[in-house]
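Notes for the structure review
Listed below are the residues making up each chain.
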Amino acid sequence: MKLFLDTANISEIEKGLQWGVISGVTTNPSLVAKEKASSFHEHVKKIAEIVKGPVSAEVISTKTDDMIKEARVLSALDPNIVIKIPMTKEGMSATKKLSEEGVPINVTLVFSPQQALLAALAGATYVSPFIGRLDDIGEDGVGLVYDISKLFLVHDFNTQIIAASIRHPRHVFEVAAAGAHIITLPFKVLEQMFNHPLTNIGIKKFLEDWEVYIKDHGN
């Protein structure tokens, strides 16, 4: 079980690594554009050098040949780069070709177990079901992770599940229990996971008791 950060913000990545709980990063065109980096490729390369673990960078092409060309350029930036490819017919053709070349692929925008099955058959290293987006339209995002996990277990696929589109800490627990190998989450949700009112109350009480002890007994 691993946690990735879903971000392109260098400061957030450095904090997550400092806390010792982050093993990788996922990005997408929207996240990278938000950072207003002068060079997309240089920004992705910098993230990979900092993380020293899997970093998913997404292609923006829609045709198979263009996806493959774009993926090869991204893959050459750093050995830890994973190529994100959308769940489309063209995307699966690109996934098949690139996986045969040894390029790790993260098939993104997965919303059904059938799509996850196609990605695994095409050779994807990872599949990314989008939990929150399913919940947003009244469907069961966590249930999708459970279904994919069961499917992969029955048929002994090596493809790993990256639960994405995480909205809150409860999602993290639920998808971990449902069988996700990896959870990629926003920095805000990662911060929220540390917090519990009883933890804060406990620390406050310990410090107050210690202050009384020091006052009465000294060092």
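Everything here concerns the structure above.
One structure accompanies this document, and this report is about it. (Residues numbered from 1 in each chain as written. Predicted model: local features only at pLDDT ≥ 70, side-chain atom pairs only at ≥ 80, totals over all residues. Heavy atoms only, no water.)

1. Quick look at the overall build of the chain
To be explicit about the condition: Where helices and strands are cited, they refer to DSSP runs of H or I of at least four residues and of E of at least two residues respectively, numbered from the N terminus. Accessibility here uses a 1.4 Å probe with only protein chains present; expressed as a share of the type maximum, an area under 20% marks a residue as buried, one over 50% as exposed, and anything in between as partly exposed. Note on contacts: a residue pair is in contact if any heavy atoms of the two residues lie within 4.5 Å. Computed with a 1.4 Å probe, the accessible areas rest on the Shrake-Rupley method; for each residue, only the protein chains presented here act as cover.
Summing up its helical and strand segments, the chain has 11 helices and 8 strands in all. For the C-alpha atoms alone, the extent of the chain along its principal axes is close to 75 × 40 × 30 Å. For the chain, the residues scored as buried account for 43% of the 219 residues in total. Sequence separation of 24 or more characterises 55% of the internal contacts of the chain that already satisfy a separation of 6 or more. Carbon and sulfur atoms make up 54% of the accessible area of the chain, which totals about 11,800 Å².

2. Concerning the environment of Leu-109
Residue placement: Leu-109 occurs in strand S5 (residues 105–110). Taking the relative accessible area as the measure of exposure, Leu-109 reaches 31% and is therefore partly exposed. The spacing of Leu-109 and Lys-188 is 79 residues in sequence and 22 Å in space, taken between C-alpha atoms. In this structure, Leu-109 is in contact with Pro-86, Met-87, Gln-115, Ser-128, Phe-130 and Arg-133, ignoring residues within four places of it in sequence.

3. Looking at the nonpolar core
Heads up, the rule is: Put simply, buried Ala, Val, Leu, Ile, Met, Phe, Trp, Tyr and Cys residues joined by side-chain atoms within 4.5 Å make one nonpolar core.
Core analysis: the biggest nonpolar cluster contains 57 residues, and Ile-81, Ile-83, Ile-166 and Val-175 have the highest contact counts within it. Among the elements that make up this core, the one with the highest residue count is helix H8 (residues 141–155) (5 residues). If we skip the residues at most four places from it in the chain, Ile-166 touches Ile-131, His-171, Val-172, Val-175, Ile-183, Thr-184, Leu-185, Pro-186 and Val-189. Core analysis: the next-biggest nonpolar cluster, separate from the first, contains 5 residues, Phe-4, Val-82, Ile-162 and Ile-182 among them.

4. Some remarks on helix H4 (residues 64–75)
Definition in use: In this analysis, the expected span of each helix is defined as 1.5 Å times one less than the number of residues it contains.
Between its terminal C-alpha atoms H4 stretches 16 Å, which fits the 16 Å expected from 12 residues at 1.5 Å a residue. Taken as a whole, H4 has its buried residues at Thr-64, Met-67, Ile-68, Glu-70, Ala-71 and Leu-74. Of the surrounding elements, those touching the buried residues of H4 are helix H3 (40–51), strand S3 (55–58), strand S4 (81–86) and helix H5 (89–100).

5. Observations concerning unusual backbone geometry
The backbone of Lys-36 shows a phi angle near 55°, a positive value even though the residue is not glycine. A positive phi angle, near 55°, is found at Ser-165, a position not held by glycine. By secondary structure assignment, the location of Ser-165 is in the loop between strand S7 (160–163) and helix H9 (169–178). A relative accessible area of 11% places Ser-165 in the buried class.

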